[in-house]
Amino acid sequence: MTRTTDRQTTRTTDPHPWRPTRRRLTDTLLTALAPVAACSIALGALSTWVAAGRAGDPARIEVIAGRVFLPYGDTRDTAAFFRITNSGDADDRLVRVSSPGVGGEVTLGRHRTTGGGAAYRDEVDSAAVPAHGSLTMSPHGLDVILHAGERWELGDPVPFTLHFRRSGPVTVEAVVVSPGDVRASP
């Protein structure tokens, strides 16, 4: 810098020029690190949210075509079947079924066959209902095992509540049908 006066021209320099000292570099790095860390944490949380299936539309559950077999013979044990659709963007799980119109416990079960052709039933804790998919219960797969009401007749409606992990409970009615009725499978 040059300063001109009446008497003389002198040349001066800035007494405090900016120099990259260790302290200045550390302060600059710490200042930049805070927003980078905040963005990284937010990105990680959003990635976890998306990976867990909670982004986009939630599960949209609809239960249709409820049927329950009228028991025959000496037993009151029977089965109910539903078609469950999920038009949402997230998977869901059927975790429990209940009914005030049923005597006793209501459980989810799956029919299986051994290598020798013998059939047996396993209790199931839950059943997946995929996003944009469906779950169709049948006498040869997943069903609801229950003890029939004393006065059930063909065509009677039986109330059921299907409980889903994310969507909560859905209350529907199943119609009592004969086990040989073609319409028994939803």
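Keep in mind that this is a model prediction, so the values were computed, not measured.

**Q** Mind showing me how you'd approach a nonpolar patch on the surface here?
**A** Together, L30, L33 and V36 line one region of the surface with nonpolar side chains, adding up to about 290 Å² of accessible area. Note that L33 resides in helix α1 (residues 22-51). On the basis of relative accessibility, which here comes to 46%, the residue L33 falls in the partly exposed class.

**Q** Help me out: how do you make sense of the pattern of salt bridges in this one?
**A** When the charged atoms of two side chains lie near each other, side chains of opposite charge can form a pair. Considering all chains together, one arrives at one salt bridge under this definition. Note that R23 is salt-bridged to D27, the shortest N-O span being 3.9 Å. Of the two residues, R23 and D27 are both situated in helix α1; the distance of four residues between them amounts to about one turn of the helix. We classify D27 as partly exposed; its relative accessible area is 39%.

**Q** Please clarify how the packing of aromatic side chains should be interpreted in this entry.
**A** Each aromatic ring pair is characterised by the separation of its centres together with the angle its planes make. Tallying each qualifying case throughout the model produces two aromatic pairs. A centroid spacing of 5.3 Å and a plane angle of 75 degrees characterise the contact between F82 and F160, whose relative ring orientation is edge-to-face. Taken together, the residues F82 in strand β4 (residues 77-86) and F160 in strand β11 (residues 157-164) connect sequence positions 78 residues apart. A residue is classified by how much of its surface remains accessible, and F160, at 0% relative accessible area, is buried.

**Q** Can you walk me through the environment of D57 in this structure?
**A** One can find D57 in the loop between α1 and β3 (61-69). Placed 74 residues apart in sequence, D57 and A131 show a C-alpha to C-alpha distance of 9.7 Å. Excluding anything up to four places from it in sequence, D57 contacts G88, D89 and A90.

**Q** Is there a simple way to explain the UniProt feature "transmembrane region" (unreviewed entry) in the protein chain in this structure?
**A** Using the residue numbers shown here, the UniProt feature "transmembrane region" (unreviewed entry) corresponds to residues 29-52. Along residues 29-52 one finds 96% helix and 0% strand; the C-alpha atoms at either end are 34 Å apart.

**Q** So what exactly am I meant to see when it comes to the pairing of strand β9 (residues 133-136) here?
**A** Remember that side chains alternate between the two faces of the sheet whenever the strand is regular. Side-chain alternation along β9 places G133 and L135 on a buried face and S134 and T136 on a face that remains uncovered. Taken together, the four bridges between β4 and β9 define a ladder with antiparallel strand orientation. If you follow I84 over to β9, its bridge partner there is L135.

**Q** I tried to follow the pairing of strand β5 (residues 92-98) on my own but got confused; where do I start?
**A** Here β5 pairs with strand β8 (residues 127-129) via three bridges, running antiparallel. Each bridged residue has a counterpart across the sheet, and for D92 the counterpart in β8 is V129. Two strands pair when backbone bridges link them, and β5 and β11 are joined in this way by four bridges, in the antiparallel orientation. Its bridge partner being in β11, S98 is matched across the sheet by T161.

**Q** Just to check I follow, could you spell out the environment of D143 for this structure?
**A** Here D143 shows up in strand β10 (residues 142-147). Looking at D143, the relative accessible area reads 1%, which means it is buried. Put simply, D143 and T78 are 65 residues apart on the chain and 9.9 Å apart in space, counted from C-alpha to C-alpha. Residue contacts for D143: discarding those within four places in its chain leaves A79, A80, F81, T107, L108, G109, R110, H111, M137 and S138.

About the criteria used
Residues numbered from 1 in each chain as written. Predicted model: local features only at pLDDT ≥ 70, side-chain atom pairs only at ≥ 80, totals over all residues. Heavy atoms only, no water. Patch = residues over 30% accessible without salt bridge, like charges linked within 9 Å, V, L, I, M, F, W, Y side chains within 5 Å. Areas by Shrake-Rupley, 256 points an atom, 1.4 Å probe, with all protein chains shown as cover. Salt bridge = Lys/Arg side-chain N within 4 Å of Asp/Glu carboxyl O. Helix = DSSP H or I, 4+ residues; strand = E, 2+ residues; numbered from the N terminus. Buried < 20%, exposed > 50% of the residue type's maximum accessible area, 1.4 Å probe, protein only. Phe/Tyr/Trp six-rings, centres within 6.5 Å; stacked < 30°, edge-to-face > 60°. Contact = heavy atoms within 4.5 Å. UniProt positions renumbered as here; feature names shortened; annotations may be inferred. Pairing = 2+ DSSP bridges.

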